[in-house]
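Survey of secondary and tertiary structure
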Amino acid sequence: LKNKPLYGKKCLITAGPTYEAIDPVRFIGNHSSGKMGSELAHQLLDQGAEVTLVMGPSQVTTSSSINRLDVKSAQEMYDAVHEHISDQDIAIFSAAVADYRPANPADSKIKKSEDTLSLELVKNPDILASVGALQHRPFLVGFALETNDELEHAFAKAKKKNTDLLILNSMRDKGAGFGTDTNKITMIHRSGEHQEFALKSKADVAKDIVNEIIKQVV
Ligand code: PMT
């Protein structure tokens, strides 16, 4: 283990969706499977790192060598990240976190009555941005999932959230994004340079990302 490049490094990853409760039986969620984040966790483990995976609701199973913390909501994910972030060397935010949650989740199942029903939503904390704003922060890798004007939006996110590396994937690319076993990414560097990669398995995408991290951190 000692001759692995990430031996002695602590890495935290967020992955999967978040579920935001509407009432005890319903939630607002999204289509993230947790595959991309799980592949990253295993790749970091293979390279010798000590890995903490903060995972939203997901069917994906992970190695028992990974310290896996299962959470449901964005607030729970935020709390788990901040409980562990202070001694991390590297943090990767691949989770699809709900930007908003129901303001007043009902204590009991909402009954069907009127023809329309309105839900008031309030903003969730931005976990990546909150870590980007820390004075002592790990090497920070964010993701951006876009549907249009991809590069422009991704550059703005990299700046706003203060990432060292931002991984852009687009819903417009076939085989990329949610659920699939493949992904197609563009890396956005702090310098402003960007680098496009071919469609690959999520395992190979994770290798490319971890190799880039090793290049910049070790
Ligand atoms: O899980 P899979 O099915 O394998 O799919 C992988 C993926 C598509 C979910 C993944 O590759 C990906 O793109 N993850 C980020 C999805 C996303 O929500 O992107 P965003 O552009 O909305 O968010 C930008 C960044 O801020 C992300 O790093 C996100 O984790 C982070 N964020 C966003 C909102 C919030 N409240 N807190 C955050 O930390």
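Named according to an unreviewed UniProt entry, the protein chain is Coenzyme A biosynthesis bifunctional protein CoaBC originating from Nonlabens ponticola.

This paragraph deals with the overall build of the protein chain. Within the protein chain one finds five helices and 14 strands. In terms of C-alpha radius of gyration, the protein chain reaches 18 Å, essentially the compact-globule figure of 17 Å for 218 residues. Principal-axis analysis of the C-alpha atoms places the extent of the protein chain at approximately 65 × 35 × 35 Å. Taken over 218 residues, the protein chain has a buried fraction of 37%. In the protein chain, the share of contacts with a sequence separation of at least 24, taken over all contacts with a separation of at least 6, comes to 61%.

This part takes up the site of the ligand. With respect to spatial proximity, 27 residues lie near the ligand, and among them Ser33, Lys35, Met36, Ile127 and Leu128 are the closest. Ranked by the residues each element gives to the shell around the ligand, the list is headed by strand β9 (residues 139-146), at four residues. Residues that form the shell around the ligand fall into these classes: twelve nonpolar, eleven polar and four charged.

Two faces make up the sheet, and in a regular strand the side chains alternate between them. Here strand β6 (residues 90-93) runs beside β9; their pairing, made up of four bridges, is parallel. Considered in β9, the bridge of Ile90 is made with Phe139. One ladder, built from six bridges, connects β9 with strand β10 (residues 165-170); its direction is parallel. Bridging from a neighbouring strand, Gly142 pairs with Leu166 of β10.

If you check UniProt for "binding site: CTP" (unreviewed entry), the listed places come out as Asp99, Lys109, Pro125, Asp126, Ile127, Leu128, Phe143, Lys157 and Lys161 in our numbering. Maximum C-alpha separation among the annotated residues is 37.2 Å over a sequence range of 63 residues, too wide for a single clustered spot. Relative to the assigned elements, Leu128 resides in helix α3 (residues 127-132). Of the residues examined, Leu128 has 25 C-beta atoms within 10 Å and is grouped as buried. Residues in contact with Leu128, not counting those within four places in the same chain, are Phe93, Gly142 and Lys161. Classification of Lys161 as buried rests on a count of 20 C-beta atoms within 10 Å.

Turning to the sheet that holds strand β4 (residues 50-55), a few remarks are in order. Across the sheet, eight strands lie side by side as β5-β4-β1-β6-β9-β10-β12-β13; this open sheet has mixed pairing. Bordering the open sheet on either side are β5 (67-70) and β13 (194-196), each of which pairs with just one other strand. Averaged over all pairs of adjacent strands, the angle between their axes in this sheet comes to 15°, without regard to strand direction. Each of β1 (10-15), β4 and β6 is contacted by helix α1 (residues 35-46), which is oriented at about 165° to β1, the strand it contacts most. Here helix α5 (residues 202-217) sits on the sheet and contacts β6, β9, β10 and β12 (185-189); the angle it forms with β9, its principal contact strand, is near 145°.

Mapping Leu166 onto the fold places it in strand β10. Using a count of 25 C-beta atoms within 10 Å as the deciding quantity, one classes Leu166 as buried. When residues no more than four places from it in sequence are discounted, the contact partners of Leu166 are Gly142, Ala144, Ala154, Lys157, Ala158 and Ile188.

Note that soluble globular proteins tend to have their nonpolar side chains buried in a common cluster. Counting residues in hydrophobic clusters, the biggest one holds 48 residues, and the most contacted among them are Ile13, Leu40, Leu44, Val51 and Met77. In this structure Leu44 touches Leu6, Cys11, Ala49, Val51 and Val210, once residues within four positions along its chain are discounted.

Once that is clear, we can look at the packing of α1 against α5. One way to put it is that α1 packs onto α5 with a least axis distance of 8 Å and a crossing angle of 55°. As summarised for this structure, α1 and α5 are arranged oblique, according to the angle between their axes. In this structure, α1 meets α5 at a crossing whose hand is right-handed. For the pair α1 and α5, contact is made by Lys35, Met36, Glu39, Leu40, Gln43 and Leu44 and by Lys202, Ala203, Ala206, Lys207, Ile209 and Val210, respectively. Across the contact of α1 with α5, the residue classes tally to seven nonpolar, one polar and four charged.

Thresholds, definitions, all that
- Residues numbered from 1 in each chain as written.
- Predicted model: local features only at pLDDT ≥ 70, side-chain atom pairs only at ≥ 80, totals over all residues.
- Helix = DSSP H or I, 4+ residues; strand = E, 2+ residues; numbered from the N terminus.
- Rg over C-alpha atoms; globule rule 2.2 N^0.38 Å.
- Buried ≥ 20, exposed ≤ 12 C-beta atoms within 10 Å, placed from the backbone.
- Contact = placed C-beta atoms within 7 Å.
- Near = placed C-beta within 6 Å.
- Nonpolar A, V, L, I, M, F, W, Y, C, P; charged D, E, K, R; others polar.
- Pairing = 2+ DSSP bridges.
- UniProt positions renumbered as here; feature names shortened; annotations may be inferred.
- Axes fitted to C-alpha atoms, helices over the stretch in contact; angles between N-to-C directions.
- Core = buried A, V, L, I, M, F, W, Y, C linked by C-beta atoms within 7 Å.
- Parallel < 35°, antiparallel > 145°, perpendicular 65-115°, else oblique.
- Left-handed = near helix turned anticlockwise from the far one by under 90°.

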